[in-house]
Amino acid sequence: MDRTMVIAPGPTANGDLHLGHLAGPFLSADVCARYARAAGRDVLFGTGVHFTQNYIVTTARRLGVDPEELRVRSGGQVEETLAAVGIEPDGFVRFDDRYVGSVRAFFERLHGLGRLRLRVVPFPYAPRTGEYLTDAYVRGGCPVCLADGCAGLCENCGHWIASGELTDPRSTLNPDDPVELREREVLVLPLEEYREALGAYFARQAATMRPRLAQLVEELLSRPLPDYPVTLPIAWGIPAPFPEVAGQVIYSDAETVAWSMHCTALAAEHRGETDGAAEDGSDGGTDGGADRLWSAEAGAKVVYFFGSDASFAFAVVGVAMLMALGEHVLPEHFVTNEFYELDHDKFSSSRGHVVTGRELAAEVPRDLVRFYLAATGPDYQRTNFTRGAMAAVTDARLVRPWNRVAAKADGWADAGPLPVSARSRTAAARLLERFAAAYDPRRFSLTAAAFTLTEQLARLDRWEVSAADAGDFCHEVEVFLRCAAPLLIDLAAEGLTDGGIPAASHATEVTPGRLPRLAGADR
Ligand SMILES: [Zn+2]
């Protein structure tokens, strides 16, 4: 059976998940995985937290806590928040010795294949403290889009900005310290060597990439591709196992493929597959399970869900790294999303502006949270969240119509088997097709799924049911509930005996049961 590996890369472990994270990659990945599994496909869904970016150090310093403590605490919070809104990954990446071993083994392999190069690279340097300033440690102007920000991935234009290329760099650790440029030798993956292969790969992706990723790829390929650092001369991170760069760490944003492979290995183990991993669970840094899952021979389809600002690291560098390794599958689809705003202010953990999904799910039934985040999801452009709009929209489009439909269907609950017409089977087929179009990774869209849900629910709500077509009505309500199940998980669990989503309906009769109701947002 074709296997699909759904991956939502972990957020930086410097805080809980905010609604922006949830409404983008995490809910999307969960819905995609639930649908594929309900439709009978073999699915592994993995996520977790990313524990090595130096944003953890700068956030910890701002909060006055220990960075180690912050990242462990954040990992726990993220797990709880995912659970609170019903996002259930098979694998969840935690920071532990096994992860460190997997990352080191991955880069030892690339190094052994001769894919990494030693290059002299300029870095902002603070002479007073003797520190090189990379990513979160340094702010300045983005040379591509002129926005002010940290080095690394520019949140504004999505390009990757080498720390030494920021204009007017200044230290975020000690803003008054003078900063100069100093050269160091680091190991890099020379992306320019993969230009032709990347060009061909992204040409094949052209029909399904969302506009921002397509634009980024086009801009990148129109200029020389950078040497992407694999090691950095800083103290925070996983020690690099290479003598020529002794004392350096692996660049956190180069870990994307190693992180993903580790994530899917954990997911496979969680689902009971043990043949790839070592008996003691430590795997000695080889993560053979990951290699098996990602081998070209196994032919799994890898589908990524992430915010557009992660595109460079996961899509461009990630694919180049898989090409450098050779004999591995390349991702099938990248489903990217834009920013989700809270009352028109951007969510950001590093700025301490957070409304967590956990806080919201404690006050509002999680099916409503999932539906509303989907309905307003930032699939293609920035969207905005307000509590008032959530209450009004879920009430008018979901809770009231569903409760009317359920009450109407309950009128036939004890009527025994009712006939289903050919017309109703055809209608069910159309319904299944519409939802499949929204849930399929190729054109995945949470907003399309939520829109289809409200349209179909409104149709059932308008239906004036008579004894002659009660079977058709109850049949289509059941098919509707199956299709809505990836979003409305609790309602479906209560209202269905199994969660399967068939490709077509062959029902000739239906035995209606009583249907659950939805509680409103102001319960
Ligand atoms: Zn920029």
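For the structure, check the block above.
Here's a quick rundown of the structure. Throughout, a residue's number is its position along its own chain's written sequence, starting from 1. Only residues with pLDDT of at least 70 get local features here, since the model is predicted, and only at 80 or more are side-chain atom pairs given and counted; chain-wide, interface and lining totals rely on the full set of residues. Excluding hydrogens and water, the side-chain values take into account all heavy atoms of the structure.

Description of the overall build of the protein chain
This is how it is decided: For the purposes of this entry, the term helix denotes a DSSP run of H or I that reaches at least four residues, the term strand denotes a run of E that reaches at least two, and both are numbered from the N terminus. Relative accessible area decides the class of each residue, using a 1.4 Å probe on protein chains only: under 20% of the type maximum gives buried, over 50% gives exposed, and in between gives partly exposed. By definition, residues are in contact when any of their heavy atoms lie within 4.5 Å. When charges are counted, neither His nor the chain ends are considered; positive counts come from Lys and Arg and negative counts from Asp and Glu. For charged residues, the charge sits on one atom: NZ in Lys, CZ in Arg, CG in Asp, CD in Glu.
Each helix and strand counted, the protein chain has 16 helices and 21 strands in total. If one aligns the C-alpha atoms of the protein chain with their principal axes, the spans along those axes are about 85 × 50 × 45 Å. Counting the 523 residues in the protein chain, one finds 57% classified as buried. Nonlocal contacts in the protein chain, meaning residues at least 24 apart in sequence, comprise 79% of its contacts between residues at least 6 apart. In the protein chain, 51 side chains carry a positive charge and 71 a negative one; their mean positions are 4 Å apart.

Comments concerning the sheet that holds strand 11 (residues 180-190)
The condition that has to hold: In this analysis, strands are considered paired if DSSP registers two or more bridges between them.
Reading across from one edge, 5-4-11-12 is the order of the four strands in this open sheet, with antiparallel pairing throughout. Each end of this open sheet is capped by a strand with a single partner; those strands are strand 5 (131-132) and strand 12 (227-229). The sheet contact formed by strand 4 (residues 117-126) and strand 5 spans two bridges and is antiparallel. By the bridge assignment for strand 5, Ala 126 is matched with Glu 131.

Some details on the coordination of the zinc ion
Just so we agree on the cut-off: Each metal site is built from N, O and S donor atoms within 2.8 Å (3.2 Å for Na, K and Ca), and since water is not included, such sites may look incomplete. Between 85 and 135 degrees for all angles marks four donors as tetrahedral; over 155 degrees for opposite donors together with 65 to 115 for all other angles marks four donors as square planar and six as octahedral; every other arrangement is irregular.
Bound to the zinc ion on the protein side are Cys 142 (SG), Cys 145 (SG), Cys 154 (SG) and Cys 157 (SG), at distances that span 2.3 Å. Here the zinc ion binds four donor atoms, and the angle range of 105 to 115° at the metal identifies the geometry as tetrahedral. One chain supplies every donor for the zinc ion, spaced along it as C-x2-C-x8-C-x2-C.

Quick notes on the packing of helix 12 (residues 387-410) against helix 15 (residues 470-484)
What counts here: For helices, the fitted axis covers only the stretch in contact; all axes are lines through C-alpha atoms, and the angles between them, taken along N-to-C directions, range from 0 to 180 degrees. Roughly parallel means an angle under 35 degrees; roughly antiparallel, over 145; roughly perpendicular, 65 to 115; everything else is oblique. The handedness criterion is simple: a crossing whose near helix is rotated anticlockwise from the far helix by less than a right angle is left-handed, and one whose near helix is rotated clockwise is right-handed. Any residue that is not Ala, Val, Leu, Ile, Met, Phe, Trp, Tyr, Cys, Pro, Asp, Glu, Lys or Arg is counted as polar, Gly included; the first ten are nonpolar and the last four charged.
The contact between helix 12 and helix 15 brings their axes to 10 Å, and the two run at 140°. As the angle between them shows, helix 12 and helix 15 are arranged oblique. Regarding helix 12 and helix 15, the two cross each other, and that crossing is left-handed. Contacts between helix 12 and helix 15 involve Trp 402, Val 405, Lys 408 and Ala 409 from the first element and Phe 473, Cys 474, Val 477, Phe 480 and Leu 481 from the second. The residue makeup of the contact of helix 12 with helix 15, split by class, is eight nonpolar, no polar and one charged.

Quick word on the state of the cysteines
Put plainly, two cysteines are in a disulfide when a covalent bond ties their sulfur atoms together. Defined as follows: By definition, disulfides here are pairs of cysteine sulfur atoms that lie within 2.5 Å.
Throughout the structure, instances matching the rule amount to zero disulfides. The thiol sulfur of Cys 263 is not disulfide-bonded, and the nearest other cysteine sulfur, from Cys 32, lies at 14 Å.

Concerning the pattern of salt bridges
The cut-off we apply is this: For salt bridges, the criterion is a side-chain nitrogen of Lys or Arg within 4 Å of an Asp or Glu carboxyl oxygen.
Per the counting criterion, the structure on display carries 35 salt bridges. Of the charged contacts, one joins Asp 42 and Arg 3 as a salt bridge, the two residues approaching to 3.0 Å between their closest N and O atoms. In this pair, Asp 42 sits in strand 2 (residues 42-48) while Arg 3 sits in strand 1 (residues 3-7), placing the two residues 39 residues apart along the sequence. What makes Arg 3 buried here is its relative accessible area of 12%. Linking Glu 476 and Arg 459 is a salt bridge whose minimum nitrogen-to-oxygen distance equals 2.8 Å. Taken together, the positions of Glu 476 in helix 15 and Arg 459 in helix 14 (residues 446-462) put the pair 17 residues apart, joining distant regions of the chain. Residue Glu 476 is classed as buried on the basis of its relative accessible area of 1%.

Notes on the pairing of strand 16 (residues 333-337)
Put simply, the rule reads: When the strands point away from the viewer and the path from the first strand over the helix to the second turns clockwise, the crossover is right-handed.
Where burial is concerned, most of strand 16 is hidden: five out of the five residues are buried. Here strand 16 shows two buried faces, one formed by His 333, Val 335 and Asn 337 and the other by Phe 334 and Thr 336. Handedness of the crossover joining strand 15 (residues 301-307) and strand 16 through helix 9 (residues 311-325) is recorded here as right-handed.

A short note on the sheet that holds strand 2
Overall, parallel pairing links the five strands, which are arranged 3-2-1-15-16 in an open sheet. The sheet terminates laterally at strand 3 (91-93) and strand 16, the two strands that pair on one side only. Averaged over all adjacent pairs, the angle separating strand axes in this sheet is 15°, with direction ignored. Bridge analysis of strand 1 against strand 15 gives four bridges, and the strand direction is parallel. Its bridge partner being in strand 15, Val 6 is matched across the sheet by Val 303. Of the strands in this sheet, strand 15 and strand 16 are in contact with helix 9, which crosses strand 15 at around 150°.

Quick word on unusual backbone geometry
You will see that Asp 168, though not glycine, has its phi angle at about 50°, which is positive. Tracing the chain through its elements places Asp 168 in strand 10 (residues 167-171). Notably, Glu 327 is not glycine yet its phi reads approximately 60°, a positive angle. Here Glu 327 is to be found in the loop between helix 9 and strand 16. For Glu 327, a relative accessible area of 72% gives the class exposed.

So, the nonpolar core
In plain terms, the rule: The set of buried Ala, Val, Leu, Ile, Met, Phe, Trp, Tyr and Cys residues whose side-chain atoms join them within 4.5 Å is what this entry labels a nonpolar core.
Of all hydrophobic cores here, the largest spans 174 residues; its most connected members are Phe 107, Trp 294, Phe 312, Met 321 and Trp 402. It is helix 9 that contributes the most residues to this core, 12 residues altogether.

What to know about helix 1 (residues 19-38)
For clarity, the cut-off: Fitting axes to the seven residues ending at a residue and to the seven starting there, one defines the bend at that residue as the angle between these axes.
Residue Phe 26 marks the point of greatest curvature in helix 1, where the axis turns by about 40°. Backbone geometry just downstream of helix 1 places Gly 40 in the positive-phi region, at approximately 95°.

Observations regarding the side chain of Asp 16
Applied cut-off: Pairs of N or O atoms within 3.5 Å make up the polar contacts considered here, provided that, within protein, one atom can donate a hydrogen while the other can accept it, and that residues adjacent in sequence are counted only when both atoms are side-chain atoms.
Inspection of the secondary structure puts Asp 16 in the loop between strand 1 and helix 1. A distance of 2.8 Å separates polar atoms of two side chains, one belonging to Asp 16 and the other to Thr 81. Looking at Asp 16, its side chain comes within polar contact range of the side chain of Arg 358, at 2.5 Å.

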